[in-house]
Amino acid sequence: MKIIIHRGTQEIGGSCVEIQTSKTRILIDFGMPLIERDGSEFDARDYDGLNSQELISKKVLPDIEGIYKDADKLIDGLLISHPHQDHYGFVTYLHPDLKYYLGEASFRIINTANLFVNKNPLFTNHVFIEREKSFVIGDLKITPYWMDHSAFDAYAFLIEGDGKSIFYSGDFRGHGRKTEAYQRFLRYAPKSVDYLLLEGTMIGRSDLSEKTEDELQSDFEILFKQNKINLVSVSGQNIDRLVTIYKACNATGKTLVIDPYIANILKDAARFARIHHPSHSFANIKVLFPYFLTNKMLEAKHEALIFPLTPYKIVKEEINKNPGNYVICIRPSMKFELECMPNIDGGNHIYSLWEGYLKKDYTKKFVEYLNNRGFSNHQIHTSGHADIPTLKEFVHAIQPKNIVPIHTFGGDRYKTIFKENIVELGDGFLLTI
């Protein structure tokens, strides 16, 4: 069996791993990078209009035979670990007949998110995977393991073939709202795998344990108890965080206000778990229809993502009458709506995202706008990735013979953290095991 990490040995994001036997070739993830090769921020808009071969020549896409639209013979399949763009974001360049393997919730969340950015559904030739149910691609046996991550439907993979075993951790943590899934994994983890491809997002950032979602809920409740509006900057795909915010609203008697994008993502997730979403079952959730987003969706003829939410509509005027009753999930593009609410001045702005996004110009301008309206700023966040104590616990459960750093800027630090043999690869290096 052979391993090639096409991208991810020396960076976070852009993950893409190839596994080969003499008979079978698969990829695990095909993500959009977060950074350029020179370390600057990656912006997909810089490459609009370029085809796959042009992007390969610029070293934006990996040069892999059998996956792009001009391929004669396709690889045997692509596994998608979870619905974050740094793990699936480049699949639009792939051959339409390529077969995908992913969770059903991931499939729905990705396709819904694409409709909101005017992209077509991505997966037409797909197979749904289920936790701990093995399946076969060629002469490879693959077992998905459901993991705790900020993405709702995240998996790790055990790949077995040629008498060898590889475990791809994907992105995971142990301090989210799916700790039972993580603890179950620790109890039943495959043992003595030959190679563990281990994410290390937090290596080099902090050696401390991350806060749990329950601890964040307490932090939110302290602010929500104040008689002022709370605006929360949060990812619409961070289902765990949205649950945390909703629970804090419930505990403090507040109404949670979301936009149609978040509402539809929550509806997708609610098919698979008891997730709060706009419905008669959750009376304290309302939907605000931002002017620009709503018009864009209607012009794109995506009425089905808008009209079913109208029974749960709330208007700006209603929020403005009693702003202290509401918690709004916000983004900078909703500034127009905020300007129509003069009574919200002096509220709380809670930033619940990775702090690196605060360096972006549009975030800076939005925070400055809120500051000028008297808002106080608070950061309440925890990582979607494993802290170092959790990484050690994970490794102890699997007892791998070798560890390969991936999805990390701190690959050189693995040797100081783990006692196992560390195999540092470079992007594109072929490792025969």
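For the structure, see preceding data.
Rules used throughout
Residues numbered from 1 in each chain as written. Predicted model: local features only at pLDDT ≥ 70, side-chain atom pairs only at ≥ 80, totals over all residues. Heavy atoms only, no water. Disulfide = S-S within 2.5 Å. Pairing = 2+ DSSP bridges. Helix = DSSP H or I, 4+ residues; strand = E, 2+ residues; numbered from the N terminus. Contact = heavy atoms within 4.5 Å. Axes fitted to C-alpha atoms, helices over the stretch in contact; angles between N-to-C directions. Salt bridge = Lys/Arg side-chain N within 4 Å of Asp/Glu carboxyl O. Buried < 20%, exposed > 50% of the residue type's maximum accessible area, 1.4 Å probe, protein only. Phe/Tyr/Trp six-rings, centres within 6.5 Å; stacked < 30°, edge-to-face > 60°.

1. Description of the state of the cysteines
Any covalent bond linking the sulfur atoms of two cysteines counts as a disulfide.
(1) Moving on: By the definition in use, this model includes 0 disulfides.
(2) Moving on: Cysteine 329 provides the cysteine sulfur closest to cysteine 249, a residue in no disulfide bond, and the two sulfurs are 7.7 Å apart.

2. Re the sheet that holds strand E7 (residues 135-137)
(1) Moving on: Taking strand neighbours across the sheet as the criterion, the 7 strands line up as E7-E8-E9-E10-E11-E18-E19 in an open arrangement whose pairing is mixed. Two strands close off the open sheet at either side, each with one partner strand: E7 and strand E19 (421-422).
(2) Moving on: With 3 bridges connecting them, strand E10 (residues 164-168) and strand E11 (residues 195-199) associate as parallel partners. The residue of E11 that forms the bridge with phenylalanine 167 is leucine 196.
(3) Moving on: In this fold helix H12 (residues 388-398) packs onto strand E8 (140-147), E10, E11 and strand E18 (402-406), with an angle of close to 165° to the strand it touches most, E11.

3. Comments concerning the sheet that holds strand E15 (residues 326-330)
(1) Moving on: Spatially, the 6 strands line up as an open sheet ordered E14-E13-E15-E12-E16-E17, and their pairing is parallel. Each having just a single partner strand, strand E14 (285-287) and strand E17 (376-379) make up the two edges of the open sheet. Across the sheet, the mean angle from the axis of one strand to that of its neighbour is 25°, orientation sign disregarded.
(2) Moving on: Pairing between strand E12 (residues 230-234) and E15: 4 bridges, direction parallel.

4. As for the pattern of salt bridges
(1) Moving on: Scanning the entire structure with this criterion turns up 18 salt bridges.
(2) Moving on: Between arginine 184 and glutamate 132 there is a salt bridge whose closest N-O contact spans 2.8 Å. Of the two residues, arginine 184 is situated in helix H4 (residues 179-188) and glutamate 132 in the loop between strand E6 (126-129) and E7; the sequence distance between them amounts to 52 residues.
(3) Moving on: Given the relative accessible area of 36%, arginine 184 is considered partly exposed.
(4) Moving on: Exposure remark for glutamate 132: the relative accessible area of 35% places this residue in the partly exposed category.
(5) Moving on: For arginine 173, the salt bridge is made with aspartate 240, and the minimal N-O distance between the two is 2.8 Å. With arginine 173 in the loop between E10 and H4 and aspartate 240 in helix H6 (residues 239-252), this pair connects stretches of sequence that are 67 residues apart.
(6) Moving on: Judged by its relative accessible area of 0%, arginine 173 is buried.
(7) Moving on: A relative accessible area of 5% places aspartate 240 in the buried class.
(8) Moving on: Through salt bridges that share partners, Asp148, Arg173, Lys178, Glu213, Asp240 and Arg241 make up one connected network.

5. Structural notes on the packing of aromatic side chains
Given two aromatic rings, their pairing is described by the distance between the two centres and the angle made by the two planes.
(1) Moving on: Taken as a whole and assessed by the stated rule, the structure comprises 22 aromatic pairs.
(2) Moving on: Their ring planes at 80° and their centres at 5.5 Å tell us that tyrosine 145 and phenylalanine 185 sit as a pair that is edge-to-face. Placement of the pair is tyrosine 145 in strand E8 and phenylalanine 185 in helix H4, with a sequence separation of 40 residues. When sorted by exposure, tyrosine 145 lands in the same class as phenylalanine 185, which is buried.
(3) Moving on: The structure contains a cluster of three or more aromatic residues connected by ring pairs, namely Tyr145, Phe167, Phe172, Tyr182, Phe185 and Phe394.

6. Comments concerning the pairing of E8
(1) Moving on: In terms of burial, E8 is largely enclosed, as 7 of its 8 residues are buried.
(2) Moving on: Two elements, E7 and E8, share 3 bridges in a ladder whose sense is antiparallel. If you follow valine 136 over to E8, its bridge partner there is lysine 141.
(3) Moving on: Adjacent in sequence and paired antiparallel, E7 and E8 are bridged by 2 residues, among which glycine 138 carries a positive phi angle near 60°.
(4) Moving on: Examined bridge by bridge, E8 and strand E9 (residues 154-161) share 7 bridges and lie antiparallel to one another. Bridged to threonine 143 within E9 is leucine 158.
(5) Moving on: Adjacent in sequence and paired antiparallel, E8 and E9 are bridged by 6 residues.

7. With respect to the environment of alanine 300
(1) Moving on: When you line up the elements, alanine 300 lands in the loop between helix H8 (291-299) and helix H9 (316-321).
(2) Moving on: The exposure class of alanine 300 is partly exposed, given its relative accessible area of 26%.
(3) Moving on: Each C-alpha atom, one on alanine 300 and one on lysine 58, is 32 Å from the other, the two residues being 242 residues apart in sequence.

8. A short note on unusual backbone geometry
(1) Moving on: Even without glycine at this site, aspartate 162 takes up a positive phi of about 55°.
(2) Moving on: By the secondary structure assignment, aspartate 162 is in the loop between E9 and E10.
(3) Moving on: One non-glycine residue, histidine 407, lies in positive phi territory at about 55°.
(4) Moving on: Examined against the element boundaries, histidine 407 turns out to sit in the loop between E18 and helix H13 (414-417).
(5) Moving on: A relative accessible area of 2% places histidine 407 in the buried class.

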